[in-house]
Amino acid sequence: MSSYLGLWHYHACILLMMVGLFAVISRQHLVKKILGLTITQVSVIMFFVAMGKVRGGTAPILETMNHDAVARQAQDVVFSNPIPHVLMLTAIVVGVATNALALSFVVRIKESYGTAEEDEVLAADHAASVAESAKEHSLESEAT
Amino acid sequence: MTPELAIQLALFSPCVGAVLVLLSGRWQNVRDTISILAGIATLYFVIRIAGYHADEARLALEVVDVMPGLTLAFEVEPLGLVYALVAAGLWPLTSLYAFGYMRGHHEKNQTRFFVCFAAAIAAALGIAFARNLFTLFLFYELLTFSTYPLVTHAGTEAAKQAGRKYLGILVSTSVAFLLFAIVWTYAVSGTLEFRPGGILDGKLNPALTPVLLLTFAFGIGKAALMPFHKWLPAAMVAPTPVSALLHAVAVVKAGVFSIVKIVVYVFGIDFLRQGNASLWLAYIAAFTVLSASVVALSKDNLKARLAYSTISQLAYIVLGAAIATPNAIVGSGMHIAMHAAAKITLFFCAGAIMVATHKTNVSQMRGLGRRMPVTFTAFFIASLSIIGLPPTGGSWSKMFLAFGAVDAHQAVFAGVYMLSSLLSIGYLMPVVGRAFFCRADAAGAINAHGADAAHGDAEHGDHGDVNGGLHEAPLACVLPLSITALLCFALFYFARDLYALLLPIVRDTTIGG
Amino acid sequence: MFGLLSTWSDWATSLSTLSEHFPVLVVVVPMLSAPLCFLSRNGRAARGISFFALLSCLLMVIHLLGRVLDEGVVSYRLGGWPPPLGIEYRYDQINAFVALIVAFVATVVVPFGQNKKAFRVPAGRTNVIYAVYLLCTSGLLGMCVTGDLFNVYVFLEISSLSAYTLVAIGAERRAMMSAFSYLTMGTIGGLFFLIGIGMLYQMTGTLNIVDLSMRLYDVSSVRTLSVAFATLFVGVSIKLAVFPLHQWLPNAYTYAPPKVSAFLAATATKVAFYVMLRIIFTIFGRERSFEQMNLDRILLPLSIAAMFMGSIAAIYQTNIKRLLAFSSIAQIGYMTLGISLDSLTGLVGGIVHLFNHALMKGGLFLAVACILFRLGSVKIDDMRGIGRRMPWTMGAVVVLGLGLVGVPGTVGFVSKWYLVLGALERELYVVAFLTLVSSLLAVVYVWRLVEVAWFSDPKPGIRMAEVREAPLTMVVPVWALAAATIYFGIFTEHSAGVARLAAAQLFGGTP
């Protein structure tokens, strides 16, 4: 039991991720979908950050360049693992780029459809295709 | 010329012919001449190959290893040689016939027609000389796709419908069953080569042998075994030269030829006979023989009647292969040639009647014999060969098939052959009888299809010219059909050579003949 | 005279020094050419730049593949840091092969003629397209060649982000909505992939793929391992469009500009398939994936479902691009089937189908681009009788279509042969039979096109007489791919042969 409670930060990540995915699935407004995506991204980032943290560890910064001192310090001091944190810098950049791209799509969708609600956009597309096929039918009946 | 070169040239000359025909499409006469010349060249090379074969030269050609175990390779053996001779020999005649027919009918897209025709012949020769199952399968599919444009030639909705059925049945059986069987064979035996005595002996579980054999037999949809026979009547929408060469000779014979070849060189006769593995196939073939004959009796459209007759005759060959005794196998091989000569004559006649009088139904042909004596005499001779009466070639092959059945102690199948002969008298002779002995104006005198006839005549509205004098189809149509009719006679006298040619394929079997 | 000679020898030495760096240049050259394209402010110049960048890329990949085949694995340490600390670029039989496909298709597509109306980009700014295109190619190549799992993720996102952009520039406004849903699905897939990487790192403390696979041998925690496997697998499956996760694909391929569809269909899913192979066979290993995780029980039914659903959906489409997109889903099913058969022969089939499908689908989408260029429509109904007007294009469609069906003599037969043989070796008779039956469905949709193009009269209202054959710059690439479909169907040494080496390497365990 305590081992589960002790991993509460992972549970928090999972919760956050589910919140994000739920938003992506359930919201019709495209911007809200993007927000959901962002929450999911953040949950993954938190997961990595939590993973790198070592209990009682400090930032992995060497206080001196002296080799002996480095060795001594490495014995006494517990460092957090920096690599997952560094990886997340890249992931954050990717997330920002994704958001920017997604928002630009939404802007263009809003420009051409006049709405950013997914169901309305799909309905507009459907109506367009119905109208097109109706036009074709009338053309064919004219021809015959 | 080396033997390899002869094989290459035989395979290439139809291809070159196709390309030249395509290029010269604008000039009708040049195109048609090229088409005939390509046919004659092909025939010449095949005859050369036959000559080498008689000298017992090794005739093999390896082109390329596609994958380990899959080789594109050719080798000449007696069965394939017979098929190749039949296909290549009848091609120039059909080309000649096709000019008369196509021009007489003012068909569209004639260039496409001749190109696809040449491609189909190339594919047929590829099948004939295939050295392994892979090569056979490759050309088998090529033949299907190259004949599709010929079936849908008219471009009408009915033709497209028939084309769909044609392609649908042939491709689906070949992919779902034939390819499955081929891969299975490879998985079991590790090779796809055709070898005397077969490649499966001792490798395949005897309990599964009938399953594999049936998968092969149904996979080869071109053999038109019931229930996968529907494509053949559907393909009759094609112009008559197509029906004649492809759907009486090249395509359908490719099917039965493949079955015989697989029985002899993949399973091996001894292996098949051991467990009576082919009994089921024999029953299915016997059923096809009889039921197709009965259906043929009921068809009024001449081409449809001939189509069902073809289905029945093809099943003769499959039945012979399934009986798998030396006599039956040799009989099957002979029947490929005998039936080809006879059936192509019948189709030529049907086409000639159509060109000359625009009649397609048997019931409309009363009295036509007086106006088209050559055509109907040829029809009569070919009918004799189909029925299996001397002095025509068909009598020999049917005799050997029946002997084979008796050898295998399956007299019931000999009975099937005899019964089917009677039925074929029933569906072929009335055509001739009606044409010669009925008076054109005596509607309904001996006619069982009086109502149909009246209907048909009203439709065509050509009561007026029925009483005219001699009115044959163009010479380009009549000449080929006379030649093939004479061939039916000739084959009666040359049957010994054919027998001698085919005998080696069963030489090594242990079961006496 | 001597001066000239010495410059020449200088050149030669510098070229040989340069060839040391080919492994990284393959990725860097297109990536750095992208800003050049962006700055060129001219579509024509950008086209030239990207063509030469990709051509040099292609030549380098060919060189590297040759080296791999001669010497074995080529490893390159980025910045001189030794693995597993530093990032390693690693070429072996399989990824050099995939990189070759990507570079080849990317190069062929660039000079291909195009219709300006196919893009929703202001006139005079078409250079941007090439910049994004180069980035996408660079990302895909990077995914292939890198030996570092996190690096795979980064390149995955580079290629995906640029792919979303490429889809969004399609002419119709629907393109943007399909790009948006592609983005949503793709990002979620990427995140799943990232979580999986995190878990693997947590268990082993390394990101280098080879190192990872060795350290995973000692990991005993089955639960974490299964979760990591599941997230990685799902993440890649979304990118690959494995059957129930394929929803983004039809719209994206349908509304993207045809050139882009050709490029994406031939490369993006292929690289995703490669990553899946790496995860299953290299990182986790065959034994673990199949015997512990029971991968075949999941993937086999999904593959067969994809083969059938994809083909059946394709039959009912009225838009040729959509038809091809659904056919892609079915073909991806063949590839994953190759994995799920858990036999060497089956895996060869899957890998060789990766190559073969890239040829066929790339060619078909390019042919569609030709049709759109002249006819202005991609509706199948509008194409009635087009065979007579555009005989070369439609002839290529027939050849490529026969390849999809798997007619012997085309590449499709080679893949099918291996797949069916693999199934029979495992005595999965039903699977073998279903594989063959599903290819019959391909006959139906391919033959619909053939019948419409060659055996029908033009539709009223369509001025078929004004339609001409597409220009040479378009027909030649299409026929190059069509000819390759036949060539590699008969001479399989360089397709199936390499696939056999690659499969043996993957199947044997660690590379």
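All values reported here derive from a predicted model rather than from experimental measurement.

The next subject is the overall build of chain B. Check the secondary structure of chain B and you find 19 helices and two strands. For 513 residues, the compact-globule estimate of 2.2 N^0.38 gives 24 Å, and the C-alpha radius of gyration of chain B, at 22 Å, lies within 12% of that figure. Viewed in the frame of its principal axes, chain B has a C-alpha envelope of about 70 × 55 × 40 Å. Within chain B, the proportion of its 513 residues that are buried is 61%. Counting contacts in chain B only where the partners sit at least 6 residues apart, residues at least 24 apart contribute 80% of the total.

Moving on to the overall build of chain C. Along chain C, the regular secondary structure elements total 21 helices and two strands. For 511 residues, the compact-globule estimate of 2.2 N^0.38 gives 24 Å, and the C-alpha radius of gyration of chain C, at 22 Å, lies within 12% of that figure. Along the longest, intermediate and shortest principal axes, the C-alpha atoms of chain C span 70 × 70 × 40 Å. Per-residue burial for chain C yields a buried fraction of 63% across its 511 residues.

Before going further, it helps to spend a moment on the interface of chain B and chain C. A common way to express how large an interface is: the accessible area buried when the components associate. Each partner contributes to the interface: chain B provides 21 residues, whereas chain C provides 23 residues. Elements with a contribution of two residues or more to the side of chain B that touches chain C: strand E1 (60-67), helix H5 (133-151) and helix H6 (157-189) of chain B. Residue contributions to the side of chain B that touches chain C peak at twelve residues, all from H6(B). The class makeup of the residues in the side of chain B that touches chain C is 16 nonpolar, three polar and two charged.

On to the interface of chain A and chain C, then. The partner chain C presents 25 residues to the 29 residues of chain A that form the contact. When contributions to the side of chain A that touches chain C are tallied by element, the ones reaching two or more residues are helix H3 (30-52), helix H5 (82-113) and helix H6 (118-143) of chain A. Considering every element that reaches the side of chain A that touches chain C, the biggest residue donor is H5(A), with 14 residues.

A separate point is the nonpolar core. Within the largest apolar cluster, 449 residues are counted, with the highest numbers of intra-cluster contacts made by Ala87(B), Val318(B) and Val167(C). Two domains each provide a minimum of three residues to this core, namely domain 1 (1-276) and domain 2 (278-513) of chain B. Sequence-distant contacts of Val167(C), that is, excluding residues within four places in its chain, are made with Ala175(C), Ser178(C), Ala179(C), Tyr182(C), Ala252(C), Tyr255(C), Ala256(C) and Val260(C).

Turning to unusual backbone geometry, a few remarks are in order. What is expected of a backbone is that most residues other than glycine have negative phi and most peptide bonds are trans. Residue and element names in this part refer to chain B. At the junction of methionine 226 and proline 227, the peptide bond is cis and its omega measures out at 10° in the coordinates. Relative to the helices and strands, proline 227 is located in the loop between helix H7 (209-219) and helix H8 (231-234). The residue after proline 390, namely proline 391, is reached through a cis peptide bond having omega 5°. Within the secondary structure, proline 391 sits in the loop between helix H15 (373-387) and helix H16 (394-407). With a phi angle near 55°, alanine 224 is a residue other than glycine that sits in the positive phi range. With respect to the secondary-structure elements, alanine 224 resides in the loop between H7 and H8. A tally of 30 C-beta atoms within 10 Å means that alanine 224 is categorised as buried.

To continue, consider the confidence of the model for chain C. Predicted confidence across chain C gives a mean pLDDT of 86, with 96% of residues reaching 70 or more. Mean pLDDT values over the elements of chain C span from 70, in helix H1 (residues 2-20) of chain C, up to 92, in helix H6 (residues 149-168) of chain C.

It is worth spelling out the pairing of E1(B) at this point. Residues and elements named next belong to chain B. Here E1 pairs with strand E2 (residues 70-75) via six bridges, running antiparallel. In the strand pairing of E2, methionine 67 is matched with leucine 70. Here E1 folds back onto E2, and the loop between the two strands holds two residues, one of which, glycine 69, carries a positive phi near 95°.

Turning next to the domain arrangement of chain B. Residue and element names in this part refer to chain B. Each domain of chain B was delimited in the assignment, giving domain 1 (1-276) and domain 2 (278-513). Taken together, the contact pairs 51 residues of domain 1 with 52 residues of domain 2. Of the residues contributing to the side of domain 1 that touches domain 2, the split by class is 37 nonpolar, ten polar and four charged.

All names here are of chain C. The geometry of helix H13 (residues 295-315) relative to helix H19 (residues 429-454) is characterised by a closest axis approach of 8 Å and an angle of 20° between their N-to-C directions. Between H13 and H19, the angle is such that the two are roughly parallel. Read as a crossing pair, H13 and H19 show a hand that is left-handed. Contacts between H13 and H19 involve Leu300, Ile304, Met307, Phe308, Ser311, Ile312, Ala314 and Ile315 on the former and, on the latter, Val431, Leu434, Ser438, Leu441, Ala442, Val444 and Tyr445.

The pair of protein chains exhibiting the most contacts, out of two pairs of chains in contact, is chains A and C. One thing to see here is that chain A and chain B don't touch, and their nearest C-alpha atoms sit 17 Å from each other.

All names here are of chain C. At their nearest, the axes of helix H17 (residues 391-405) and H19 sit 9 Å apart, and the two run at 170° to each other. Between H17 and H19, the angle falls in the class roughly antiparallel. Residue-level contacts link Met394, Val397, Val398, Gly401, Leu404 and Val405 of H17 to Ser439, Ala442, Val443, Val446, Leu449, Val450, Ala453 and Trp454 of H19. For the contact of H17 with H19, the residue count by class is twelve nonpolar, two polar and no charged.

Moving on, we come to the environment of Phe348(B). All names here are of chain B. Secondary-structure assignment places phenylalanine 348 in helix H13 (residues 326-357). As for phenylalanine 348 and threonine 2, which are separated by 346 residues in sequence, their C-alpha atoms are 36 Å apart. Setting aside its immediate chain neighbours within four residues, phenylalanine 348 contacts Tyr97, Ala244, Pro480, Leu481 and Thr484.

Before going further, it helps to spend a moment on the environment of Ala234(B). All names here are of chain B. Considering the arrangement of structural elements, one finds alanine 234 in helix H8. Along the primary structure alanine 234 and alanine 162 are separated by 72 residues, whereas in three dimensions their C-alpha atoms are 5.1 Å apart. The residues touching alanine 234, leaving out its near neighbours within four places in the chain, are Ala162, Lys165 and Tyr166.

Attention shifts here to helix H5 (residues 127-145) of chain C. A rise of 1.5 Å per residue sets the reference length of H5(C), with its 19 residues, at 27 Å; its end C-alpha atoms lie 27 Å apart and thus fit the reference within 8%. Burial of H5(C) is extensive: 18 of the 19 residues sit out of reach of the surface.

The first and last C-alpha atoms of H6(C) sit 29 Å apart over 20 residues, in line with the 28 Å expected at 1.5 Å per residue. Within H6(C), 19 of the 20 residues are buried, leaving the element largely enclosed by the surrounding structure.

Here we take up the environment of Ala482(C). All names here are of chain C. By the element assignment, alanine 482 lies in helix H20 (residues 472-490). Alanine 482 gets classed as buried once you count the C-beta atoms within 10 Å, which come to 29. Distance from alanine 482 to leucine 295, taken between C-alpha atoms, is 35 Å for residues 187 residues apart in sequence. Contacts of alanine 482, omitting those with residues within four sequence positions, involve Gly363, Ala396, Val399 and Leu400.

Conventions used here
- Residues numbered from 1 in each chain as written.
- Chains lettered and ligands numbered in written order.
- Predicted model: local features only at pLDDT ≥ 70, side-chain atom pairs only at ≥ 80, totals over all residues.
- Helix = DSSP H or I, 4+ residues; strand = E, 2+ residues; numbered from the N terminus.
- Rg over C-alpha atoms; globule rule 2.2 N^0.38 Å.
- Buried ≥ 20, exposed ≤ 12 C-beta atoms within 10 Å, placed from the backbone.
- Contact = placed C-beta atoms within 7 Å.
- Nonpolar A, V, L, I, M, F, W, Y, C, P; charged D, E, K, R; others polar.
- Core = buried A, V, L, I, M, F, W, Y, C linked by C-beta atoms within 7 Å.
- Domains from an automatic or database assignment.
- pLDDT = per-residue confidence, 0-100.
- Pairing = 2+ DSSP bridges.
- Axes fitted to C-alpha atoms, helices over the stretch in contact; angles between N-to-C directions.
- Parallel < 35°, antiparallel > 145°, perpendicular 65-115°, else oblique.
- Left-handed = near helix turned anticlockwise from the far one by under 90°.
- Expected span 1.5 Å × (residues − 1).

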